[in-house]
Amino acid sequence: MPPDHNLDDYVDAPAPHRHSPEGRPGPLRIGLGGPVGSGKTALAAALCRTLGPEYDLAVVTNDIYTTEDADFLRRNAVLPDDRIEAVQTGCCPHTAIRDDITANLDAVELLEARHPGLELVLVESGGDNLTASFSYGLVDVQVFVIDVAGGDKVPRKGGPGVTAADLLVVNKTDLAPLVGADLGVMRRDADAVRGGRPTLLVSLREDPSAAAVADWVREQIRARSVQPA
Amino acid sequence: MTAALLTLADSRLPAGGHTHSGGVEQAIAAGVVHDPATLTAFLRRRLHTAGAVAAGLAAAATALSSSGRHRGQVPFPVALSPASCSSGESPAPASSELVAALLSLDAEADARTPSPALRAASRQQGRGLVRVGRRAWPSPVWDALPERPHSPLALGVAAAVAGLTPRDAAAAAAYLSVSGPATAAQRLLAMDPLAVAALTARLAPEIDEVATADGVPAAADPLLDLLAEVHAARKDRFFAS
Amino acid sequence: MRTLVEVVACRGPGGRTVLPVVRAGGQYAVRRTGPGTVHLVATAFGPLGGDDVTVRLVVEEGARLCVRSVAAAVALPSRGAARPSVQRIRATVAGELDLAPEPTVVAARARHVAELEAELGPDGVLTAAEQVLLGRRGEEPGRWTGTTRVVRAGRPLLHTTVDLGPGAPAWLPPVAPRAYASTVHTGSDERPVATGEDAVRLPLPGGWTATAWGTELHRVAGAVAGLTAPERETA
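Fair warning: this is a prediction, and the values are worked out from it, not measured in the lab.

Enquirer: Explain helix α4 (residues 102-114) of chain A to me, please; I cannot follow it from the model alone.
Expert: For the α-helix, the turn length of 3.6 residues means that residues three or four positions removed from each other point alike. Relative to the 18 Å expected for 13 residues at 1.5 Å per residue, α4(A) spans 18 Å between its end C-alpha atoms, a close match to the ideal helical length. Of the surrounding secondary structure, the elements contacted by the buried residues of α4(A) are β1 (28-33), β2 (57-61), β3 (84-86), α3 (93-98) and β4 (120-124) of chain A together with α5 (116-136) of chain B.

Okay, structure coming up:
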């Protein structure tokens, strides 16, 4: 390296999205990822219902082919139309949340411009595999959703979603007896690979308000508001 | 040519290009594209119309927003102080002259893009390119662009602030006009990636020809306009355009 | 052969349009065929490759000019070097211009270049239609290159070049039509996007541009008419 260069020349100032132009903290962006059918959209809907009355919030959906998830949220009237944006991912839902986040950033910025008081944006990924994770250029924290029906080996198999997500949600615990899954094993395996990061075992069927996950989200919003970055 | 050009034309550049198919998704739905031969025909018609226009606009934008040595290569002369990140000189300020010149070039892009769906796709990609370009090559010249510029204008400014020439910008624009749709077709039709790479590589002489043409052409393809509008009205699509 | 046609339309007494200048030479004559209406009449075979026609139209504020032609033009190849025939229309429109000549047929091996450049004032109204058929019956198609540039008060509204026929780089199977029709309107009737089979209408400020293509000219012209008929709404 030439002597008149130092590493700082190559590194950017902190990502600008974390603060709005006025210096006010922008909305907290939470990524919801996980395999197809694990309950991402159901969780997004539950969080909208539970947190909608408390926070100014919006959702970005990343369906692989249709606007089905966005339509589901609209149909269930958990959020007004102008708080839901669907992005097309060009056959690569994974690319859109990790490698080239442009379309999602556009959607988030559009929602921010439309709702200047926005406090929370949920970015729901298209269903993908266990290696899918969000870029921290797009979200502040991420939740990975798996389900019991996928088998109790999933936490042990790991993958970036399971090991590194800020919150792991194991959904459909009500199905455990039916599919012969051992919730104790899932909890233990998850704790073993997650280095102390939290895991929540939930059943959105039994608790449609997703109370435990909503509490975790509230905590994230609180933590951010007391800690100016 | 510098490595900056390779960066600009790299499909890994996170500017949102991977969510656009350049019309190929609808061309497949309409039965116009279904194999390597029909894909080649589609890419050629796109290259010689939208690609040629993008190349001309990108070159013009570079000439406007870079230092004196490239000026006069296209008919949009404005006076600017020399600017180049690579030369170590201070970049040109976003003069009101440059703002006006880029705005009028943006209007020329609109006039050559009457399809609202294609305009939206171009401006969406332009915005994505500005977002990554500002970070990669910081310069006050970015401030001279309209908020959501047509994509070739953003590409032209990126080339200028990266120290590239108008010809470089045109080459990137012409190449991107086929590389994006080629990749999209590969994904949608599960085509042999080697076949797609080969047919794209064989277009190189035509891409070079388009990239070295003079002026800002207005070549239009009403078929691409129609495909874009039908596509935009669909709800079941993988790609934004 | 070089040809210059000039027509100037002004608002005369009582608001009626008068045509103080109606001039033509070369391969065209111009006839006044109604109040504010002229017909172009070809006085020679062609156009042939190498022929060059300029039509200058000025429509002043408050005037309305209709330009028609009496018969289809058949563009034929030049005998020597392969030069195109060129027809340039330069219009300055503060009033209202309605331009709808009969179709241009481009014979095998012929190359025809058509340009329309319209400079509109703030209240100018333009309707310009063109119909093209590549090749006479049973003949190989010729090549037609048409450029339209419409500018209002210094701002370009539309600038497109459509290049059809053998040798045109984007005229490729499976979509290489022999017949093409297009109408552009701006000034009084803004319309949204509409799509049809091989036909599309796109919005312009205060207007639209409608284009259709296919094998037979009468069908293509019908498709454009379907997209531009006043009573028809939308898509």
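Enquirer: It is not clear to me how the interface of chain A and chain B should be interpreted in this structure. Could you clarify?
Expert: How big an interface is tends to be reported as the loss of accessible area on association of its parts. Across the contact, 21 residues belong to chain A and 21 residues belong to chain B. Together, the buried faces of chain A and chain B total about 1900 Å²; carbon and sulfur atoms form 50% of this surface. Between chain A and chain B we count five salt bridges in total. Among the salt bridges present, the one from B:K235 reaches A:D71, with a minimum N-O distance of 3.3 Å.

Enquirer: Would you mind going over the interface of chain B and chain C with me for this structure?
Expert: Chain B puts 24 residues into the contact, and the matching count from chain C is 27 residues. Of the roughly 2100 Å² buried where chain B meets chain C, counting both sides, 69% is carbon and sulfur surface. Considering only the surface of chain B that becomes buried against chain C, B:R45, B:P222 and B:L226 emerge as the three largest contributors, covering 25% of it. The interface formed by chain B and chain C includes two salt bridges. The closest approach of N and O atoms between B:D110 and C:R155, which form a salt bridge, is 3.9 Å. There are eight residue pairs in polar contact (both at pLDDT 80 or more) connecting chain B and chain C. Residue assignment for the side of chain B that touches chain C shows that the elements contributing at least two residues are α3 (36-65), α4 (96-111), α5 and α10 (222-232) of chain B. At six residues, α10(B) tops the list of elements feeding residues into the side of chain B that touches chain C. Tallied by class, residues from the side of chain B that touches chain C come to 13 nonpolar, three polar and eight charged.

Enquirer: Help me understand the pairing of strand β5 (residues 141-147) of chain A, please; the structure alone is not making it clear to me.
Expert: The two faces of the sheet receive side chains in turn, since in a regular strand these alternate between them. Residue and element names in this part refer to chain A. In terms of burial, β5 is a largely internal element, seven of the seven residues being buried. Here β5 shows a buried face lined by V141, V143, V145 and D147 and a second buried face lined by Q142, F144 and I146. Sheet topology note: the β1/β5 ladder contains four bridges and is parallel. Note on β5: the bridge partner recorded for L32 is V143. Bridging between β5 and strand β6 (residues 167-171) involves five bridges; their strand directions are parallel. By the bridge assignment, V143 is partnered in β6 with L167.

Enquirer: I tried to follow the pattern of salt bridges on my own but got confused; where do I start?
Expert: A side chain with one charge can pair with a side chain of the opposite charge if their charged atoms come near. Residue and element names in this part refer to chain B. For the coordinates displayed, the defined rule picks out 43 salt bridges over all chains. A salt bridge links R12 to D10, with the shortest nitrogen-to-oxygen separation between them at 3.6 Å. Judged by its relative accessible area of 67%, R12 falls in the exposed class.

Enquirer: Would you take a moment to explain the side chain of C:E6 for this structure?
Expert: By the secondary structure assignment, C:E6 is in strand β1 (residues 2-11). Ignoring any residue separated from it by four or fewer positions in sequence, one finds C:E6 in contact with C:V21, C:V22, C:R23 and C:R56.

Enquirer: Could you clarify how one ought to interpret the sheet that holds strand β2 (residues 17-24) of chain C in this entry?
Expert: Strand pairs in the sheet, formed through backbone hydrogen bonds, run parallel or antiparallel to each other. The seven strands are arranged β2-β1-β5-β8-β11-β13-β14 (chain C) in an open sheet whose pairing can be described as mixed. In this open sheet, the two edge strands, each paired with only one partner strand, are β2 and β14 (155-164) of chain C. Strand after strand, the sheet turns through a mean of 5 degrees between neighbouring axes, direction not considered. In this sheet, strand β13 (residues 143-152) of chain C lies alongside strand β11 (residues 111-120) of chain C in parallel orientation, the contact comprising ten bridges. Considered in β13(C), the bridge of C:H112 is made with C:W144. Where α4(B) meets the sheet, it contacts β13 and β14 of chain C, and its direction lies at approximately 45 degrees from that of β14(C).

Enquirer: Whenever I open this one, the UniProt feature "binding site: GTP" (unreviewed entry) in chain A confuses me. Can you help?
Expert: All names here are of chain A. Residues given the UniProt feature "binding site: GTP" (unreviewed entry) here are G34, P35, V36, G37, S38, G39, K40 and T41. With respect to the secondary-structure elements, S38 resides in the loop between β1 and α1 (40-51). When its relative accessible area of 2% is taken as the criterion, S38 is described as buried. Contact partners of S38, with chain neighbours within four places excluded, come to V145, I146, D147, N171 and K172. Look at T41 and you get buried, because its relative accessible area is 13%. In contact with T41, other than residues within four places in its own chain, are D69, F72, L73 and E124.

Enquirer: Please explain α10(B) as it appears in this structure.
Expert: All names here are of chain B. Counting buried positions along α10 gives nine out of eleven residues, so the element sits mostly inside the fold. Within the sequence span of α10, burial applies to P222, L223, L224, D225, L226, L227, A228, E229 and H231. Capping the start of α10 is the job of one residue whose side-chain oxygen sits 3.0 Å from the backbone nitrogen of L223: D221.

Reading the values: rules and limits
Residues numbered from 1 in each chain as written. Chains lettered and ligands numbered in written order. Predicted model: local features only at pLDDT ≥ 70, side-chain atom pairs only at ≥ 80, totals over all residues. Heavy atoms only, no water. Helix = DSSP H or I, 4+ residues; strand = E, 2+ residues; numbered from the N terminus. Expected span 1.5 Å × (residues − 1). Contact = heavy atoms within 4.5 Å. Buried area = accessible area lost by both parts, 1.4 Å probe. Salt bridge = Lys/Arg side-chain N within 4 Å of Asp/Glu carboxyl O. Polar contact = N/O pair within 3.5 Å; in protein donor to acceptor, adjacent residues only side chain to side chain. Nonpolar A, V, L, I, M, F, W, Y, C, P; charged D, E, K, R; others polar. Buried < 20%, exposed > 50% of the residue type's maximum accessible area, 1.4 Å probe, protein only. Pairing = 2+ DSSP bridges. Axes fitted to C-alpha atoms, helices over the stretch in contact; angles between N-to-C directions. UniProt positions renumbered as here; feature names shortened; annotations may be inferred.

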